[in-house]
Amino acid sequence: MATKIPVTVITGFLGSGKTSLIRHLLQNNQGRRIAVLVNEFGELGIDGELLKSCQVCPEDGESDTNIFELTNGCLCCTVQEEFYPMMQELIKRRDSIDCILIETSGLALPKPLVKAFRWQEIRNAATVDAVITVVDCAAVAAGTFASDLEAIAAQRQADDSLEHETPLQELFEDQLACADLVVLNKIDLVDAETKARVEELIKQELPRVVKIVESNGSQLDASILLGFQAAVEDNLDSRPSHHDTEEDHNHDEEIISTNLILDRTFDPEKLQQQLEKLAQEQEIYRIKGFVAVPNKSMRLVMQGVGTRFDKFYDRPWKTEEARQTRLVFIGRDLKSSEIESQLVAL
């Protein structure tokens, strides 16, 4: 029987650096034939587009066939409906694939996805080489996405009726509990003392000894990320989850995604200022997308985590594509009409 295809699951919260990690891996693939399955929380695919513009694949159109997108869903909730058919297609091409990378959405639990590799049809052809959890060091330090554990404990003591864990805190813990490797990313944004504090917090959440590697901009060598041979699907008992006793799990229904497509250009600095203002006014966890800039032949990528933004030009606009500004917003109870009206007014 042919060797099983090794599959690396890359998880982590919104904006932690998962797509950048995969993009760097594709650009430095060391001859590996890599297929990528990208899962977006919203219906507008941004991450898949970013990977397709990595400038590694050939220009004959075949490059897109190794990047597969699942949008408007969460793999941990749609394993049977969405993930299984896609894996069946990849398995048919196993002779031309050396490994598969799966980027989960930032709101996905990794364990339900890994369980799917126990299904006989997948188990015979593929195995989970490792689960890699990417952590935004600066965001965790600021308490933006993972609640401060000491603060929760203090509140709990002060009020016995207070819920101990928020849905986002559970998500953070479950993503860490399933990890074979933790990437502590964006360490350049914090000082040494803060980095050490975040690393200690992560260690407290890990149920077993797991290596933590530091990264700036997800720039890590393939030798660090691939080749674990962990067969994760066979040892899930050592990876506890808050949802192990549940038949189904529920996400926080107030966390939604909304997207905006505008047939116009924007001044990047003015747009960023407005997006920062929106992130302060609403509980927006993640902003990402492409911006058409006046008098620029290149497409601008703009990404925000909370009120922190970065941007870069990824590729020239294609002759046949509309020069639109496309932005995705992910957050709690978003007011889509207010977001649109403020941007349209710029």
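Residues numbered from 1 in each chain as written. Predicted model: local features only at pLDDT ≥ 70, side-chain atom pairs only at ≥ 80, totals over all residues. Heavy atoms only, no water.

Focus on the overall build of the protein
Here is step 1: Check the secondary structure of the protein and you find twelve helices and twelve strands.
Here is step 2: For the protein, with 346 residues in total, the buried portion stands at 53%.
Here is step 3: In the protein, of all internal contacts separated by at least 6 residues, the share reaching a separation of at least 24 is 80%.
Here is step 4: Just so you have it, the protein exposes about 16,000 Å², and 45% of that area is on carbon and sulfur atoms. (Helix = DSSP H or I, 4+ residues; strand = E, 2+ residues; numbered from the N terminus. Buried < 20%, exposed > 50% of the residue type's maximum accessible area, 1.4 Å probe, protein only. Contact = heavy atoms within 4.5 Å. Areas by Shrake-Rupley, 256 points an atom, 1.4 Å probe, with all protein chains shown as cover.)

Examining the nonpolar core
Here is step 1: The biggest cluster of nonpolar side chains holds 25 residues, and the ones touching the most others in it are Phe83, Met87, Ile100, Ile102 and Phe117.
Here is step 2: Secondary structure elements with two or more residues in this core: strand 1 (5–12), strand 2 (34–39), helix 3 (79–92), strand 4 (99–103), helix 4 (110–115) and strand 5 (126–136).
Here is step 3: Residue contributions to this core peak at five residues, all from helix 3.
Here is step 4: Counting 20 residues, the second-largest nonpolar core is a separate cluster that includes Leu25, Ile34, Val36 and Leu220. (Core = buried A, V, L, I, M, F, W, Y, C linked by side-chain atoms within 4.5 Å.)

Considerations on the environment of Ala108
Here is step 1: Secondary-structure assignment places Ala108 in the loop between strand 4 and helix 4.
Here is step 2: When the C-alpha positions of Ala108 and Phe13 are compared, they lie 8.4 Å apart, and in sequence the two are 95 residues distant.

Quick look at the packing of aromatic side chains
Here is step 1: A full pass over the atoms with the stated rule returns one aromatic pair.
Here is step 2: Over the face of the ring belonging to Phe266 we find Arg264, whose NZ or CZ atom lies 3.9 Å from the ring centre.
Here is step 3: The ring of Phe290 has Arg299 lying over it, and the distance from NZ or CZ to the ring centre is 3.7 Å. (Phe/Tyr/Trp six-rings, centres within 6.5 Å; stacked < 30°, edge-to-face > 60°. Lys NZ or Arg CZ within 6 Å of the ring centre and 35° of its normal.)

Concerning empty space enclosed by the protein
Here is step 1: Within the structure shown, the criterion is met by two cavities of 30 Å³ or more.
Here is step 2: Quantified by volume, the largest cavity comes out at close to 100 Å³.
Here is step 3: Lining the largest cavity are 13 residues; nearest its centre among them are Phe13, Val135, Asp136, Val140 and Phe172.
Here is step 4: Broken down by secondary-structure element, the contributors of at least two residues to the lining of the largest cavity are strand 5, helix 6 (137–142) and helix 8 (167–177).
Here is step 5: Tallying contributions element by element places strand 5 first for the lining of the largest cavity, with four residues.
Here is step 6: In the lining of the largest cavity, the residues fall into eight nonpolar, four polar and one charged.
Here is step 7: The space that makes up the second largest cavity amounts to roughly 40 Å³.
Here is step 8: Surrounding the second largest cavity, Leu109, Pro110, Lys111, Pro112, Asp174, Ala177, Cys178, Arg239, Pro240 and Ser241 form its lining.
Here is step 9: Of all the secondary structure elements, the ones that give two or more residues to the lining of the second largest cavity are helix 4 and helix 8.
Here is step 10: The element contributing the most residues to the lining of the second largest cavity is helix 4, with three residues.
Here is step 11: Of the residues contributing to the lining of the second largest cavity, the split by class is six nonpolar, one polar and three charged. (1 Å grid on protein atoms, 1.4 Å probe; cavity = no way out; pocket = protein on both sides within 12 Å on 5 of 7 lines; lining within 4 Å. Points joined across faces, edges and corners; volume = space filled by probe spheres on them. Nonpolar A, V, L, I, M, F, W, Y, C, P; charged D, E, K, R; others polar.)

Some details on the pattern of salt bridges
It is possible for side chains of opposite charge to pair when their charged atoms get near one another.
Here is step 1: Throughout the structure, instances matching the rule amount to 13 salt bridges.
Here is step 2: Two residues, Glu283 and Arg332, come together in a salt bridge whose shortest N-O distance is 3.4 Å. With Glu283 in the loop between helix 11 (268–281) and strand 9 (284–291) and Arg332 in strand 12 (residues 325–332), this residue pair connects regions lying 49 residues apart in the sequence.
Here is step 3: For Glu283, a relative accessible area of 41% gives the class partly exposed.
Here is step 4: The exposure class of Arg332 is buried, given its relative accessible area of 19%.
Here is step 5: Where Arg315 meets Glu321, a salt bridge forms, and the shortest distance between an N and an O atom there is 2.7 Å. (Salt bridge = Lys/Arg side-chain N within 4 Å of Asp/Glu carboxyl O.)

A short note on the sheet that holds strand 11 (residues 308–316)
Here is step 1: An order of 8-12-9-10-11 is seen for the five strands of this open sheet, with the pairing classed as antiparallel. Every interior strand has two partners, whereas the edge strands, strand 8 (255–262) and strand 11, have only one. Taken pair by pair, the neighbouring strands of this sheet meet at an average axis angle of 10 degrees, ignoring direction.
Here is step 2: For strand 9 and strand 12, the ladder comprises six bridges, and the chain directions are antiparallel. (Pairing = 2+ DSSP bridges. Axes fitted to C-alpha atoms, helices over the stretch in contact; angles between N-to-C directions.)

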